[in-house]
Amino acid sequence: MIYTIVGMIFIIIGLIFDFIGCLGLLRLPDVYNRLHASIKCVTLGTSSILFGLFLYKGFSPTGIKALLCILFLVLTAPVSAHVLARSAHKSGVKLCDESVCDKYQEDKDALS
Amino acid sequence: MIKNRIVLFALSFLLWLTLSWSFRAEDLMIAFFVSILVAWLTADIFPGKVGIFRKPERYLWIIYYIPLFAWECLKANLDGAYRILHPDVPLRPGIVKVNTTLKSDTGITFLANTLTLMPGTMTVDVDRDRGVLYVHWVDVKSCDVEKATEEIVLKFELVLKRIFE
């Protein structure tokens, strides 16, 4: 009983973070900042939903699979963010106007 | 290379058992044969050093690392939520350059992944030969290489160094 309630609370927290992440996609200015919003909030939000599912189901096949999904999500989501940011920069997407510095571009110009 | 295969076999056997989570004899047999197949086919792709599994202090540092990581991850999310929900969207973005002293592939991978999930930072590119990471930072405190390294990397580098090297 108590596990069901705590699991539900975790799922609601996860949904809130996922919603904030999606809102960040609309509100933030350029592709890099949007990646920040989507990767951080969505990783924790989805992990929280899966953890709530684990508490709800206990040590059953579903619950254990949810725990393993957290592990794989935390290991692979940052890699996708890194690849998206890198390919965006390589194909010439500019940083937004408020940006302070861009050492990556400076080093690329210095090397070429 | 035989040690490599045995470790890979044990890991995939455990992973299969946790995924299926049933321990009847026929499930164990399927797990056994599938893990042998996986270990035989993919051992060349994972050429890591196996001796790394043998030192017990690494596991202690992993136990220390997980709560640290979870706490910073939670802070990152609250920080990101604050920036998104604030009416003015307070940002000071930029790509800074930081140094790292980690050498091994696994260590650098974990450092880059950790930085991506930390408050306000995201790894854009890695140059392994020079030991340099390019990090997109939402709230740039200093464009200088040394200061940025101090602010971003040092906290995790020490722990990761003890785990992976």
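Residues numbered from 1 in each chain as written. Chains lettered and ligands numbered in written order. Predicted model: local features only at pLDDT ≥ 70, side-chain atom pairs only at ≥ 80, totals over all residues. Heavy atoms only, no water.

### Looking at helix α4 (residues 103-111) of chain A
Think of an α-helix as 3.6 residues a turn; residues three or four steps apart then line up on the same face.
Next up, step 1: For α4 of chain A, the full list of buried residues reads Lys-103, Tyr-104 and Asp-107 of chain A. For α4 of chain A, the angular spread of buried residues about the axis comes to 100°, placing them on one side.
Next up, step 2: On the buried face of α4 of chain A, the contacting elements are α3 (61-90) of chain A together with β1 (94-99), β2 (121-127) and β3 (132-137) of chain B. (Buried < 20%, exposed > 50% of the residue type's maximum accessible area, 1.4 Å probe, protein only. Helix = DSSP H or I, 4+ residues; strand = E, 2+ residues; numbered from the N terminus. Arc of directions from axis to C-beta. Contact = heavy atoms within 4.5 Å.)

### Observations regarding unusual backbone geometry
All names here are of chain B.
Next up, step 1: Positive phi, close to 55°, is recorded for Trp-21, a residue that is not glycine.
Next up, step 2: Relative to the assigned elements, Trp-21 resides in the loop between α1 (2-20) and α2 (25-42).
Next up, step 3: On the basis of relative accessibility, which here comes to 28%, the residue Trp-21 falls in the partly exposed class.
Next up, step 4: Although it is not a glycine, Val-89 adopts a positive phi angle of roughly 50°.
Next up, step 5: Within the fold, Val-89 resides in the loop between α3 (56-85) and β1.
Next up, step 6: Val-89 gets classed as buried once you look at its relative accessible area, which sits at 17%.

### Let's talk about the confidence of the model for chain B
Next up, step 1: Looking at chain B as a whole, the pLDDT averages 84, with 95% of positions reaching at least 70.
Next up, step 2: When the elements of chain B are averaged for pLDDT, helix α5 (residues 145-152) of chain B gives the smallest value, 80, and α2 of chain B the largest, 89. (pLDDT = per-residue confidence, 0-100.)

### Quick look at the pattern of salt bridges
Next up, step 1: Evaluated as defined, the whole model comprises 9 salt bridges over all chains.
Next up, step 2: A salt bridge links Arg-86 of chain A to Asp-125 of chain B; its shortest N-O distance comes to 3.0 Å. Of this pair, Arg-86 of chain A sits in helix α3 while Asp-125 of chain B sits in strand β2, each in a different chain.
Next up, step 3: Using a relative accessible area of 32% as the deciding quantity, one classes Arg-86 of chain A as partly exposed.
Next up, step 4: Since its relative accessible area comes to 10%, Asp-125 of chain B is described here as buried.
Next up, step 5: A salt bridge links Glu-72 of chain B to Lys-75 of chain B, with the shortest nitrogen-to-oxygen separation between them at 3.4 Å. (Salt bridge = Lys/Arg side-chain N within 4 Å of Asp/Glu carboxyl O.)

### Examining the state of the cysteines
Next up, step 1: Tallied over the full model, the rule gives 0 disulfides over all chains.
Next up, step 2: As a non-bridged cysteine, Cys-69 of chain A has Cys-73 of chain B as the owner of its nearest cysteine sulfur, 17 Å distant.
Next up, step 3: Looking at Cys-69 of chain A, the relative accessible area reads 39%, which means it is partly exposed.
Next up, step 4: Its sulfur unpaired, Cys-73 of chain B is 9.6 Å from the next cysteine sulfur, which belongs to Cys-41 of chain A.
Next up, step 5: The exposure class of Cys-73 of chain B is buried, given its relative accessible area of 9%. (Disulfide = S-S within 2.5 Å.)

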